[in-house]
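Analysis of the macromolecular model
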Amino acid sequence: GVSGLTKQLGCRELTYRLVFLASSVQPAELQSGFVNIRDDSEEAILNSFSAQDKDTIEAMRTTAGIYEKLAKAIAPTIYGHEEIKKGILLML
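Residues numbered from 1 in each chain as written. Predicted model: local features only at pLDDT ≥ 70, side-chain atom pairs only at ≥ 80, totals over all residues. Heavy atoms only, no water.

**Observations concerning the environment of Thr63**
By secondary structure assignment, the location of Thr63 is in the loop between α3 (51-61) and α4 (66-73). A polar atom in the side chain of Thr63 sits 2.8 Å from the backbone oxygen of Ala59. (Helix = DSSP H or I, 4+ residues; strand = E, 2+ residues; numbered from the N terminus. Polar contact = N/O pair within 3.5 Å; in protein donor to acceptor, adjacent residues only side chain to side chain.)

Here it is as structure tokens:
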């Protein structure tokens, strides 16, 4: 929340909680009429990476604590908020 404002100024501490609830999920192209022009097959995605990229990804896969390290790499100048950073990471 936002803190540091005193009651003398007519302010109170602000706390917000945000919740997203979903009962149904549909691909965007079905709802809005968009057409996907990319080839999203697994083979096409794998072929889009160079051999060096594949080696780097493989090395990252075996790195201990990669999830925490990637989460800390998001907005490194902002201290704390690890759960929010992990949520952002999962949305990427």
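**Some remarks on the packing of α4 against helix α5 (residues 82-91)**
Relative orientation of the contacting elements α4 and α5 amounts to 100°, with a least axis distance of 8 Å. In terms of their interaxial angle, α4 and α5 are classed as roughly perpendicular. Contacts between α4 and α5 involve Tyr67, Glu68, Leu70, Ala71 and Lys72 from the first element and Glu82, Lys85, Lys86, Leu89 and Leu90 from the second. By residue class, the composition of the contact of α4 with α5 is five nonpolar, no polar and five charged. (Axes fitted to C-alpha atoms, helices over the stretch in contact; angles between N-to-C directions. Parallel < 35°, antiparallel > 145°, perpendicular 65-115°, else oblique. Contact = heavy atoms within 4.5 Å. Nonpolar A, V, L, I, M, F, W, Y, C, P; charged D, E, K, R; others polar.)

**Some details on the pattern of salt bridges**
The final tally for this structure, using the stated rule, is two salt bridges. The residue Glu68 makes a salt bridge to Lys86 at a minimum N-O spacing of 4.0 Å. Highlighted residues: Glu68 in helix α4 and Lys86 in helix α5, separated in sequence by 18 residues. For Glu68, a relative accessible area of 37% puts it in the partly exposed group. By relative accessible area, Lys86 is classed as buried at 16%. (Salt bridge = Lys/Arg side-chain N within 4 Å of Asp/Glu carboxyl O. Buried < 20%, exposed > 50% of the residue type's maximum accessible area, 1.4 Å probe, protein only.)

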